[in-house]
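Letter by letter, the chains look like this.
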Amino acid sequence: MLDKFKDECGVFGIFGHPEAANMTYLGLYALQHRGQESAGIAACDGEQVRVSRAMGYVADTFDSHALSQLPGAMAIGHVRSSTAGESQLSNAQPILIDCTYGQIAICHNGNLVNARELRDELVRQGSIFQSNSDTEVVLHLYARSKAATAEDAVVQSVSQGQGAFSIAMLTCDRMIAVRDPHGFRPLALGRLGDAVVICSETCAMDLVGATYVRDVEPGEVLVVSAAGMRSIKPFPPAPLAHCIFEHVYFARPDSDVFGKNVNQVRTSLGRILAREQPVDADVVVPVPDSGVCAAMGYAEQSGVPLRMGLIRNHYVGRTFIQPQSAIRDFGVKVKLNPVRSILDGKRVVLVDDSIVRGTTSRQIVRIVKAAGASAVHVRISCPPTISPCFYGVDTPRRAELIAATHTIDEITKYLDADSVAYLSLEGLLSAVGAERSDSILSRSRATRRVICWR
């Protein structure tokens with residue numbers, strides 16, 4: 001409903017816990033912000049891998065009865081927002097197959113940029129696909145491998161993929177974690193007593209009571225079995241390319257990602273933004289919830305008081321009955337309501353983390369002005385988004401990105417704001433401790449910039 005980037009996906013896995021499925025359910029609950037289209041869990045009792053998955057939220061998909069049908073001391077789970085493949089049950093994960101090496105289930109966060117080429121070749125060789133997800137390509141490569149062991153087959157299959165992949169796999173006797181050589185997407189490793197936990201963000205560990213140990217390293221294949229943990233480094237060295245939007249937008253503020261606390265990074269983005277783009281104002285107002293941390297930093301640096309001038313309704317579901325009579329900006333008003341006593345007669349700094357198409361930002365500016373604001377200055381805590389991403393972020397086409405097709409003055413006029421200003425690329429990189437010379441600016445089909453840093 002709000003004009004935001006779709007989150008990617010979230011993965012969770014646990015090995016060696018008597019309530020593995022229940023722990024995975026809780027882990028996915030903590031990762032729900034990373035994907036809301038479908039949820040699934042695969043669990044194994046040492047003899048059989050069982051999978052349960054459905055469209056919708058984690059809490060709507062699983063209840064005590066469903067979890068009781070997933071026995072075993074090891075499990076992996078997935079929450080999905082589609083970036084490659086349609087939003088349908090056949091693309092929900094984990095995906096489970098049975099082949100020469102036995103059963104294996106897979107969960108994937110990221111996007112394989114060469115999935116189409118691999119899929120076409122596999123189809124020519126006789127493979128039959130059940131979904132249009134890029135993740136299924138990895139399973140077909142695995143099943144067709146001639147490797148001597150299942151672990152070697154995993155290495156062979158993932159080595160053929162290019163792009164972003166943080167993967168959790170489950171067989172009848174082991175859990176396997178894989179991270180692409182560039183480290184595009186996060187994947188953390190932790191302990192819960194004697195059990196081993198892997199997950200996309202540390203906030204999932206906090207909920208289940210696990211302790212963070214380290215990140216699964218870029219290019220690492222980590223095998224967890226009854227014999228312990230074994231680390232394999234099969235990939236040639238590659239430049240690191242962490243997705244900076246994990247810190248800007250995707251990850252939860254209470255998570256540590258790529259070795260840095262998300263809340264601290266976002267607050268720093270706001271402070272730097274205030275130094276770079278100051279404005280005379282009476283109040284700083286965040287766009288909830290995405291702009292809250294940056295707005296706090298902006299207020300601290302500028303000395304302008306922070307007030308929650310927009311209140312978000314967190315209980316709006318996927319669908320609702322719209323009135324037959326037209327109500328201007330109804331879609332945004334359902335989720336955001338202004339506090340007139342805070343906004344009336346005030347010069348407002350409206351802080352958010354991004355502008356995509358600009359449609360929602362325009363409606364929010366209208367709402368704030370209708371509540372009596374004398375001026376609305378929009379401040380964005382990242383640089384303009386000018387290109388799509390092919391590495392697991394569901395960005396629109398370039399023609400739909402307002403910053404790719406409009407100047408700052410044109411954006412200001414479109415939003416009906418008094419001013420619009422973005423954080424600089426240098427400011428963004430400094431907040432995560434990187435220099436411009438360290439940033440990796442990749443090129444792909446129709447891509448002008450991939451927002452990564454080393």
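First, a word on scope: everything that follows refers to the structure included in this document. In this text the structure is predicted, and so the values were computed from the model without any measurement.

1. Side note on the overall build of the protein
Part 1: Each helix and strand counted, the protein has 16 helices and 23 strands in total.
Part 2: Scored against the burial criterion, the 454 residues of the protein give a buried share of 56%.
Part 3: Restricting the contact set of the protein to residue pairs at least 6 apart, pairs at least 24 apart contribute 68%.
Part 4: Summed over its atoms, the accessible surface of the protein is roughly 18600 Å², and 49% of this surface lies on carbon and sulfur atoms.

2. Things to note about the packing of aromatic side chains
Part 1: Under the definition given, this model contains 6 aromatic pairs.
Part 2: Residues F165 and F235 carry aromatic rings whose centres are separated by 6.3 Å and whose planes lie at 55 degrees to one another, so their mutual orientation is tilted. Of this pair, F165 sits in strand 7 (residues 163-170) while F235 sits in the loop between strand 13 (228-232) and strand 14 (242-243), and the two are 70 residues apart along the sequence. The same class applies to F165 and to F235, which are both buried.
Part 3: For the ring pair Y249 and F250, a centre distance of 5.3 Å and an interplane angle of 65 degrees mean the geometry is edge-to-face. As far as the burial class goes, Y249 and F250 line up, both buried.
Part 4: Taken together through their ring pairs, the aromatic side chains of Y25, Y29 and F62 make up a single cluster.

3. A closer look at the nonpolar core
Part 1: The biggest cluster of nonpolar side chains holds 58 residues, and the ones touching the most others in it are V284, L350, I364, V368 and V378.
Part 2: Ranked by residues supplied to this core, first place goes to helix 9 (residues 262-276) with 5 residues.
Part 3: By size, the runner-up hydrophobic cluster in this structure holds 29 residues, among which are A21, M205, V208 and A210.

4. Re the environment of T405
Part 1: Looking at where T405 falls in the secondary structure, it is placed in helix 14 (residues 402-405).
Part 2: T405 sits in the partly exposed class, given a relative accessible area of 38%.
Part 3: In sequence terms T405 and I386 are 19 residues apart; their C-alpha atoms lie 8.1 Å from each other.
Part 4: T405 has contacts with R398, A399 and E410, leaving out every residue within four places of it along the chain.
Part 5: Polar contacts involving the side chain of T405 include one to the main-chain carbonyl oxygen of L401, which spans 3.5 Å.

5. Describing the sheet that holds strand 20 (residues 347-352)
The strands making up a sheet associate through hydrogen bonds between their backbones, and the pairing can be parallel or antiparallel.
Part 1: Spatial strand order, 17-20-21-22: 4 strands in an open sheet with parallel pairing. On the outer flanks of this sheet lie strand 17 (283-286) and strand 22 (419-422), each paired with one strand and no other. Recorded for the sheet is a direction-independent mean angle of 25 degrees between the axes of neighbouring strands.
Part 2: Pairing geometry for strand 17 and strand 20, over 4 bridges, is parallel. Residue pairing for strand 20: V284 is matched across the bridge by V349.
Part 3: Against the sheet, helix 10 (residues 292-302) makes contact with strand 17, strand 20 and strand 21 (375-380), and its axis sits at roughly 165 degrees relative to strand 17, the strand it touches most.

6. Quick look at the pattern of salt bridges
Part 1: One pass over the full model with this rule turns up 20 salt bridges.
Part 2: The salt bridge involving R174 is made with E151; its shortest N-O contact spans 2.4 Å. Taken together, the positions of R174 in strand 8 (residues 174-179) and E151 in helix 6 (residues 150-159) put the pair 23 residues apart, joining distant regions of the chain.
Part 3: For E151, a relative accessible area of 12% puts it in the buried group.
Part 4: Linked by salt bridges that have partners in common, R34, R185, E201 and E246 make up one network.

7. Looking at unusual backbone geometry
Part 1: Between Q93 and the following residue, P94, the backbone shows a cis peptide bond with an omega angle of 5 degrees.
Part 2: Locating P94 in the fold gives a position in the loop between strand 4 (74-80) and strand 5 (95-99).
Part 3: Cis rather than trans, the peptide bond between P288 and D289 has omega equal to -5 degrees.
Part 4: Even without being a glycine, F258 presents a positive backbone phi close to 55 degrees.
Part 5: Relative to the elements of secondary structure, F258 occurs in the loop between strand 15 (256-257) and strand 16 (260-261).
Part 6: Judged by relative accessible area, F258 falls into the buried class, the value being 11%.

Conventions and cut-offs
- Residues numbered from 1 in each chain as written.
- Predicted model: local features only at pLDDT ≥ 70, side-chain atom pairs only at ≥ 80, totals over all residues.
- Heavy atoms only, no water.
- Helix = DSSP H or I, 4+ residues; strand = E, 2+ residues; numbered from the N terminus.
- Buried < 20%, exposed > 50% of the residue type's maximum accessible area, 1.4 Å probe, protein only.
- Contact = heavy atoms within 4.5 Å.
- Areas by Shrake-Rupley, 256 points an atom, 1.4 Å probe, with all protein chains shown as cover.
- Phe/Tyr/Trp six-rings, centres within 6.5 Å; stacked < 30°, edge-to-face > 60°.
- Core = buried A, V, L, I, M, F, W, Y, C linked by side-chain atoms within 4.5 Å.
- Polar contact = N/O pair within 3.5 Å; in protein donor to acceptor, adjacent residues only side chain to side chain.
- Pairing = 2+ DSSP bridges.
- Axes fitted to C-alpha atoms, helices over the stretch in contact; angles between N-to-C directions.
- Salt bridge = Lys/Arg side-chain N within 4 Å of Asp/Glu carboxyl O.

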